[in-house]
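An overview of the molecular structure
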Amino acid sequence: MSRLIGLGLLLAGLLYPFAVYFGMEHFAPWQFGLLLGSLWLARALTGERRPGSLWMSTAAIAFCLLLAVFDSPVLLRWYPVLISAFMLALFGLSLKYGPPMVERLARLREPELPPRAIRYTRQVTIAWSVFFLCNGLCAAALTLWAPLSWWMLYTGLISYGLIGLMFAIEWLIRQRVRGHP
């Protein structure tokens with residue numbers, strides 16, 4: 001059940017900018033808050049207890065409650081900023097409290113990492129932290145000063161393209177670091 005809820009949250013996050021842009025004529029902001037809040041609450045109640053999962057769920061539910069109470073179309077646009085802040089916190093705090101997030105992910109495939117790989121995963125975690133900071137700042141700037149169409153274009157397409165580009169660049173660099181041509 002928790003995997004299904006996680007998939008629902010992932011799909012809601014991916015489609016959220018388009019749902020806001022195209023759904024504002026048909027749905028009130030409180031309805032978006034109710035739907036998202038229900039998914040986050042279900043995650044909090046059924047999900048695994050991982051570091052950070054409870055505070056992320058609590059913050060997301062609080063955001064959804066504010067959205068439902070204030071019924072504000074402007075508040076709808078802050079959700080991608082919240083998600084970038086979550087990712088920044090996960091990656092950034094893992095640098096302080098270790099091991100770095102990318103090292104954790106790398107150890108899923110290769111449990112025994114050499115010291116060189118550990119240094120590399122730390123650098124990649126820093127790069128992702130910087131990315132999520134910049135992504136969140138761009139989303140916030142568009143929320144504050146840009147038309148809804150620009151916000152939707154960035155948060156619904158461009159940011160995902162940039163994430164894909166980051167993955168591709170990191171993969172190419174990793175091949176060089178590992179000594180593969």
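Residues numbered from 1 in each chain as written. Predicted model: local features only at pLDDT ≥ 70, side-chain atom pairs only at ≥ 80, totals over all residues. Heavy atoms only, no water.

An unreviewed UniProt entry annotates the protein chain as Intracellular septation protein A of Pseudomonas frederiksbergensis.

Turning next to the UniProt feature "transmembrane region" (unreviewed entry) in the protein chain. Using the residue numbers shown here, the UniProt feature "transmembrane region" (unreviewed entry) corresponds to residues 29-46, 53-70, 76-95, 126-145 and 151-173. Taken end to end, residues 53-70 has its terminal C-alpha atoms 26 Å apart, with 100% of it in helix and 0% in strand. Here residues 126-145 runs as 100% helix and 0% strand, with 28 Å between its end C-alpha atoms. (UniProt positions renumbered as here; feature names shortened; annotations may be inferred. Helix = DSSP H or I, 4+ residues; strand = E, 2+ residues; numbered from the N terminus.)

Time to look at the nonpolar core. One finds Tyr16, Phe63 and Tyr79 to be the most contacted residues of the largest nonpolar core, which totals 22 residues. Contributions of two or more residues to this core are made by helix H1 (2-23), helix H2 (29-46), helix H3 (53-70), helix H4 (73-76), helix H5 (79-97) and helix H8 (148-178). No other element matches the 5 residues that H3 contributes to this core. Beyond its immediate stretch of four places on either side in the chain, tyrosine 79 contacts Gly13, Tyr16, Leu36, Trp40 and Phe63. Formed by 8 residues, the second largest nonpolar core is a distinct cluster that contains Phe91, Tyr120, Trp128 and Phe131. (Core = buried A, V, L, I, M, F, W, Y, C linked by side-chain atoms within 4.5 Å. Buried < 20%, exposed > 50% of the residue type's maximum accessible area, 1.4 Å probe, protein only. Contact = heavy atoms within 4.5 Å.)

On to the pattern of salt bridges. Across all of its chains, the model carries 2 salt bridges by this definition. A salt bridge links arginine 107 to glutamate 103; the shortest N-O distance between them is 2.9 Å. Of the two residues, arginine 107 and glutamate 103 both sit in helix H6 (residues 101-109), 4 residues apart, roughly one turn of that helix. A relative accessible area of 29% places arginine 107 in the partly exposed class. Judged by its relative accessible area of 7%, glutamate 103 is buried. (Salt bridge = Lys/Arg side-chain N within 4 Å of Asp/Glu carboxyl O.)

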